[in-house]
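# Observations on the three-dimensional arrangement
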2 protein chains.
Amino acid sequence: MSKLICFANNNFISLSEAALPMGDLGVQRGYGIFDFLRVSNNSPLYWDDHLERFFHSAKEMRLPVGLLKEDIKNIISQLLQKNKLLHSSIRILLSGGISPDGYQIVTPNLVIVQQPLIPPSDQINEKGYILASYPHQRQMPHVKTTDYLMAIWLQPWLKERGADDVLYQQNGIVSECPRSNFFIVTKENKIVTPGRNILQGITRKQVLRLAVANGMIVEERDISLEDIRLAKEAFIASSTKRIVPVMQVDDKVFAPCTKESVTTLLYDLLFHKEKETVAFLS
Amino acid sequence: MSKLICFANNNFISLSEAALPMGDLGVQRGYGIFDFLRVSNNSPLYWDDHLERFFHSAKEMRLPVGLLKEDIKNIISQLLQKNKLLHSSIRILLSGGISPDGYQIVTPNLVIVQQPLIPPSDQINEKGYILASYPHQRQMPHVKTTDYLMAIWLQPWLKERGADDVLYQQNGIVSECPRSNFFIVTKENKIVTPGRNILQGITRKQVLRLAVANGMIVEERDISLEDIRLAKEAFIASSTKRIVPVMQVDDKVFAPCTKESVTTLLYDLLFHKEKETVAFLS
């Protein structure tokens with residue numbers, strides 16, 4: 001861990017030495033954005049999508065990046081060479097930076113960190129997750145900010161309920177989990193996922209594309225807690241986990257995920273797409 | 001600046017060396033609380049109140065402080081001796097700390113920083129502030145978290161409007177400014193300030209006490225934008241500014257603040273109370 005190299009202050013330095021100064025708006029005012037991608041077999045997965053979202057987040061939050069997309073790709077490539085980790089994650093963090101008055105943005109602080117990551121299994125984890133819904137709407141939901149105040153705060157609450165993660169809802173309309181997008185499969189085998197008040201996940205985009213390409217009907221629309229009660233299957237999708245079946249949301253228990261489930265089919269499609277991508281990049 | 005001493009990692013170190021590591025939940029997940037107090041003539045003003053609120057914030061956010069109130073007072077006293085700043089601010093920051101999984105709280109990180117601060121003038125600044133209302137409700141409003149995402153983000157928006165600060169409102173009911181509490185004076189000379197969905201400001205508490213002690217009627221209740229239109233005066237209160245008259249909220253323009261204004265009377269009461277406090281502490 002301590003020998004890992006990261007990119008900070010425009011230099012490649014030891015990760016153990018990387019830090020944000022106390023005057024950084026990221027520290028004092030929680031002002032920052034990031035993106036997070038998985039590296040499989042030394043291939044950064046869907047990095048064009050992640051970098052596009054990163055630059056979008058930065059623009060929305062009025063944080064000049066100071067580098068081009070190609071510069072960041074170049075830095076990531078150098079990190080891959082230096083750290084020689086087969087399976088890893090890349091976190092690209094842009095914090096508000098040092099501010100003389102502690103309030104105005106002057107020059108943001110870019111830090112890129114690579115760390116080892118255990119890749120998800122080739123097979124879906126059929127056991128699945130228990131989700132507990134909680135009334136909350138992320139501020140700036142379309143931006144990947146560093147604001148996980150509610151998510152961290154709810155950890156003991158989730159543990160008490162034996163839940164694996166929280167599903168945010170507002171007035172009975174669900175949006176997302178803190179680190180993944182939420183989907184249901186209706187009795188008519190439609191794939192439905194919220195279309196607004198969410199972060200546009202990169203894996204979410206892959207799932208929707210693969211579903212359409214395989215003849216499934218996809219709907220991006222509001223999902224109510226009642227819709228969940230009527231659904232046949234539910235799952236979440238994220239870069240680190242691909243797809244995880246949802247076995248329960250509050251009191252609603254789903255039938256166990258099997259080889260015949262739509263969720264399993266989507267997992268397999270996603271897994272094969274990823275294999276192809278890695279083969280192409282290698 | 002660079003010679004200032006702060007308290008970090010359980011030690012007194014140079015402020016320029018103090019930083020939060022990349023793995024800190026304060027950096028990665030915006031998870032942290034703080035408190036901020038003014039030091040006048042080497043006397044930390046209302047530090048019992050500030051420390052009480054700090055420990056309350058920590059408890060609400062499930063962050064063990066690891067020190068007692070008296071320990072923190074002792075550290076602040078040592079900083080005052082080391083830095084020898086006549087007028088300054090003390091920021092007590094408690095971030096989520098290093099988390100092995102980047103999500104669970106293990107050991108929070110306490111940093112106490114003293115920096116020079118220009119004290120407010122002995123006289124009220126009659127010019128006052130222009131406020132622009134914006135629909136937002138802080139998450140965990142009763143806790144002094146480091147979440148100022150919306151406040152920082154709105155800076156260019158405020159500049160465009162020629163406004164000095166934002167007044168948060170939700171469905172026409174106002175709550176607070178990002179760093180100060182909001183008050184109106186009604187035509188009947190009642191002092192009214194929101195009682196819920198706000199941070200309980202230490203200066204707010206002083207203002208209400210002094211108003212009551214001087215025979216004024218005080219109401220803590222919801223304030224609508226319509227109430228503001230009907231009000232005679234408006235002002236904000238904070239530790240760094242004491243009281244600043246509000247000359248405008250959106251389209252509503254108030255009569256200029258004068259020596260006869262209730263706002264000026266409250267400023268003077270607050271100023272004298274502060275002088276007494278400093279004299280008592282010295």
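Model, not experiment: these values are computed from the prediction.

All names here are of chain A. For the pair helix H6 (residues 202-213) and helix H8 (residues 262-281), the least separation of the axes is 10 Å and the interaxial angle reads 110°. The orientation of H6 with respect to H8, classified from their angle, is roughly perpendicular. Between H6 and H8, the residues in contact are Thr203, Gln206, Val207, Leu210 and Ala211 and Leu266, Leu269, Leu270 and Lys273, respectively. When grouped by side-chain class, the residues that make up the contact of H6 with H8 number six nonpolar, two polar and one charged.

Turning next to the packing of aromatic side chains. Considering all chains together, one arrives at 10 aromatic pairs over all chains under this definition. A centroid spacing of 6.0 Å and a plane angle of 55° characterise the contact between A:Phe34 and A:Tyr148, whose relative ring orientation is tilted. Residue A:Phe34 is found in strand S4 (residues 32-40), and its partner A:Tyr148 is found in the loop between strand S8 (129-135) and helix H4 (149-153); the two are separated by 114 residues along the sequence. This pair shows no difference in class: A:Phe34 is buried, exactly as A:Tyr148 is. Pairing A:Phe183 with A:Phe235 gives two aromatic rings, centres 4.6 Å apart and planes at 10°, and the pair type is stacked. Within this pair, whereas A:Phe183 is found in strand S12 (residues 180-185), its partner A:Phe235 is found in strand S16 (residues 233-238), the two being separated by 52 residues in sequence. Like A:Phe235, A:Phe183 is buried. When the ring centre of B:Phe12 is taken as origin, the NZ or CZ atom of B:Lys82, which lies over that ring, is 4.6 Å away. For the cation-ring pair, B:Arg179 lies above A:Tyr103, with the distance from its terminal atom to the ring centre recorded as 3.3 Å.

This part is about the domain arrangement of chain A. Accessible area lost during the coming together of the parts is what is often quoted as the interface size. Residue and element names in this part refer to chain A. By the assigned domains, chain A splits into domain 1 (5-116) and domain 2 (129-280). If you average the C-alpha positions of domain 1 and of domain 2, the two centres end up 26 Å apart. The partner domain 2 presents 20 residues to the 20 residues of domain 1 that form the contact. For domain 1, the biggest contributors to the area lost against domain 2 are Arg38, Tyr46 and Arg53; these three give 35% of the whole. Where domain 1 packs against domain 2, one counts two salt bridges. With its nearest N and O atoms 2.7 Å apart, the salt bridge here joins Lys205 to Asp49.

This brings us to the sheet that holds strand S7 (residues 109-116) of chain B. Residue and element names in this part refer to chain B. Strand order in the open sheet formed by six strands is S2-S1-S7-S6-S4-S5, with antiparallel pairing between adjacent strands. Two strands in the sheet have a free side with no partner beyond their single neighbour: strand S2 (11-14) and strand S5 (43-44). Of the pairings in the sheet, the one linking strand S1 (residues 5-8) to S7 comprises two bridges and is antiparallel in character. In the sheet register, Ala8 faces S7, and the bridge partner there is Val111. Across the sheet, helix H2 (residues 47-60) lies against strand S4 (32-40), S5, strand S6 (88-95) and S7, angled at about 175° from S4, the strand it touches most. Those strands touched by helix H3 (residues 69-83) are S1, S2, S4, S5, S6 and S7, and its axis lies near 35° from that of S7.

Listed as interface residues are 42 residues of chain A and, on the opposing side, 42 residues of chain B. For the chain A and chain B pair, buried surface summed over both sides reaches about 4,100 Å², with 60% attributable to carbon and sulfur atoms. At the surface where chain A touches chain B, the tally comes to zero salt bridges. Connecting chain A to chain B are 18 residue pairs in polar contact (both at pLDDT 80 or more). At the level of elements, strand S3 (19-21), helix H1 (25-28), S4, strand S6 (88-95), H4 and helix H5 (155-161) of chain A are the ones that each hand at least two residues to the side of chain A that touches chain B. A per-element tally of the side of chain A that touches chain B places H4(A) first, with five residues. Among the residues making up the side of chain A that touches chain B, the classes are represented as 25 nonpolar, 10 polar and seven charged.

Let us now look at the environment of B:Ile98. Residue and element names in this part refer to chain B. Structurally, the position occupied by Ile98 is in the loop between S6 and S7. With a relative accessible area of 45%, Ile98 lands in the partly exposed category. Setting aside anything within four residues of it in sequence, one finds Ile98 in contact with Pro21, Gly23, Asp24, Val106 and Thr107.

Each copy superposes on the other: chain A lies on chain B with an RMSD of 0.0 Å after a rotation of 180° and an axial shift of 0.0 Å. The transformation just described matches what one would write down for a two-fold rotation axis. An overlap of 100% is found between the interface residues of chain A and their copies at the interface of chain B, pointing to a shared contact surface.

Moving on to helix H3 (residues 69-83) of chain A. Residue and element names in this part refer to chain A. When the terminal C-alpha atoms of H3 are compared, their 21 Å separation across 15 residues agrees well with the 21 Å that a helix rising 1.5 Å per residue should span. Of the residues making up H3, those classed as buried are Ile72, Lys73, Ile75, Ile76, Leu79, Leu80 and Asn83. All buried residues of H3 lie within an arc of 160° about the axis, which places them on one face of the element. In H3, the exposed residues that point more than 90 degrees away from the buried face are Glu70 and Gln81. In the stretch just after H3, Lys84 is the one whose phi turns positive, near 45°.

Before going further, it helps to spend a moment on the sheet that holds S4(A). Residue and element names in this part refer to chain A. Spatially, S2-S1-S7-S6-S4-S5 is the arrangement adopted by the six strands of the open sheet, whose pairing is antiparallel. At either margin of the open sheet sits one strand with a lone partner, and together these are strand S2 (11-14) and strand S5 (43-44). Strands in contact with helix H2 (residues 47-60) are S4, S5, S6 and strand S7 (109-116); relative to S4, the strand with the most contacts, it is inclined by about 175°. Strands strand S1 (5-8), S2, S4, S5, S6 and S7 of the sheet are contacted by H3, whose axis makes an angle of about 35° with S7.

How each quantity is defined
- Residues numbered from 1 in each chain as written.
- Chains lettered and ligands numbered in written order.
- Predicted model: local features only at pLDDT ≥ 70, side-chain atom pairs only at ≥ 80, totals over all residues.
- Heavy atoms only, no water.
- Axes fitted to C-alpha atoms, helices over the stretch in contact; angles between N-to-C directions.
- Helix = DSSP H or I, 4+ residues; strand = E, 2+ residues; numbered from the N terminus.
- Parallel < 35°, antiparallel > 145°, perpendicular 65-115°, else oblique.
- Contact = heavy atoms within 4.5 Å.
- Nonpolar A, V, L, I, M, F, W, Y, C, P; charged D, E, K, R; others polar.
- Phe/Tyr/Trp six-rings, centres within 6.5 Å; stacked < 30°, edge-to-face > 60°.
- Buried < 20%, exposed > 50% of the residue type's maximum accessible area, 1.4 Å probe, protein only.
- Lys NZ or Arg CZ within 6 Å of the ring centre and 35° of its normal.
- Domains from an automatic or database assignment.
- Buried area = accessible area lost by both parts, 1.4 Å probe.
- Salt bridge = Lys/Arg side-chain N within 4 Å of Asp/Glu carboxyl O.
- Pairing = 2+ DSSP bridges.
- Polar contact = N/O pair within 3.5 Å; in protein donor to acceptor, adjacent residues only side chain to side chain.
- Least-squares fit on C-alpha atoms with pLDDT ≥ 70 in both.
- Expected span 1.5 Å × (residues − 1).
- Arc of directions from axis to C-beta.

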